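Understanding the architecture of this molecule
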Amino acid sequence: LDIFVAIKAGASIHLVPEELSVFPRSLAKFIADNEISVWYSVPSALVHMMVHGDMSRCSFPKLRLLLFAGEVFPTKYLRLLQTIVPHTALYNLYGPIETNVCTYYRVGPIPAEQVEPIPIGKLCSNYDVFLLDSDDRRVTARNTEGEICVRGSAVAQGYWGDTEKTQEKFTSFTSAEGVRETFYRTGDLARLDETGVYRLVGRKDHMI
């Protein structure tokens, strides 16, 4: 997805050289020197660039979109990042590998007193994201915890050669229109807040 969407949009793709990936100072310079306009990485890479790579010394006039996913972005560092690239739109993306990115959240101003992580946001197009309680009933009340479940055209069909795990994580059903569909149980717990965005709470199991 990350490669072919860029090609379809007529964009140039800059693959980070392996020798730069462990040097945050060089990585920040790589973004600046190559005039990267869209950056996508895990939050920890950005935190390393800010804390150990002196990211603030670089100028990123071309950077218009900064996407991150894969882990929680510590709020204090996210607030710092906003001061380093104030002209850049920041997006928090969420989605296990089995579903690809299924929700997104555009980061707005973060109050100085806020310590809790930002939301994982609203569902992407062509997805249905919902919560199930411990009795597999759909959660409809706001601010009520449930397991994130996802269905849509990008959801995997299952695990290759592992029927038992597929049956555990993927639930098939027939919709009201008579179409056979599958949804994926992520194991992540979340709640839908009063503003209509999902906020991650934790895990059903002990997976990090």
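Quick look at the structure, then. In this text, all values refer to a predicted model and were calculated from it rather than measured experimentally.

Cut-offs applied
- Residues numbered from 1 in each chain as written.
- Predicted model: local features only at pLDDT ≥ 70, side-chain atom pairs only at ≥ 80, totals over all residues.
- Heavy atoms only, no water.
- Core = buried A, V, L, I, M, F, W, Y, C linked by side-chain atoms within 4.5 Å.
- Buried < 20%, exposed > 50% of the residue type's maximum accessible area, 1.4 Å probe, protein only.
- Helix = DSSP H or I, 4+ residues; strand = E, 2+ residues; numbered from the N terminus.
- Contact = heavy atoms within 4.5 Å.
- Pairing = 2+ DSSP bridges.
- Right-handed = clockwise from strand over helix to strand, strands pointing away.
- Arc of directions from axis to C-beta.
- Salt bridge = Lys/Arg side-chain N within 4 Å of Asp/Glu carboxyl O.
- Axes fitted to C-alpha atoms, helices over the stretch in contact; angles between N-to-C directions.

1. Looking at the nonpolar core
If you look at the biggest cluster of nonpolar residues, it comprises 24 residues, and the most contacted ones within it are Trp39, Phe60, Leu66, Phe68, Leu78 and Leu81. Counting residues per element, the ones that place at least two in this core are α2 (24-33), α3 (43-51), β2 (65-69) and α4 (75-84). Broken down by element, this core gets its largest block of residues, four residues, from α3. Dropping the residues within four chain positions of it, Leu78 is found in contact with Phe68, Phe73, Leu90, Val107, Ile110 and Ile118. Counting residues in hydrophobic clusters, the runner-up holds 17 residues, among them Cys102, Val129, Phe170 and Leu192.

2. A word on the pairing of strand β3 (residues 89-94)
With respect to burial, β3 is a largely interior element, six of its six residues being buried. Because side chains alternate across β3, one face comprises the buried residues Ala89, Tyr91 and Leu93, and the other comprises Leu90, Asn92 and Tyr94, equally buried. Sheet topology note: the β2/β3 ladder contains five bridges and is parallel. From the neighbouring strand, Leu67 faces β3, where its bridge partner is Tyr91. As for the winding sense of the linkage, the β-α-β connection from β2 through α4 to β3 is right-handed. When β3 meets strand β4 (residues 103-106), the two strands line up antiparallel, connected through four bridges. Pairing of Leu93 across the sheet is with Tyr104, part of β4.

3. Observations concerning α3
Looking at α3, one finds that the buried residues are Pro43, Leu46, Val47, Met49 and Met50. The buried residues of α3 all sit within an arc of 160 degrees when viewed along its axis, so they share a single face. Looking at the buried residues of α3, the elements they touch are α2, β1 (38-41), β2 and α4.

4. Topic: the pattern of salt bridges
Any two side chains of opposite charge can pair if their charged atoms end up close together. The final tally for this structure, using the stated rule, is 12 salt bridges. Arg203 serves as the salt-bridge partner of Asp205, at 2.9 Å between the closest nitrogen and oxygen. If you follow the salt bridges from partner to partner, you end up with Asp128, Arg138, Arg151 and Glu181 in one network.

5. So, the sheet that holds strand β5 (residues 122-123)
One open sheet accounts for five strands, arranged β1-β2-β3-β4-β5; its pairing is mixed. Edge positions in the sheet fall to β1 and β5, since each has one partner strand and no second. Along the sheet, α3 contacts β1 and β2; its crossing angle with β1, the most-contacted strand, is approximately 110 degrees.

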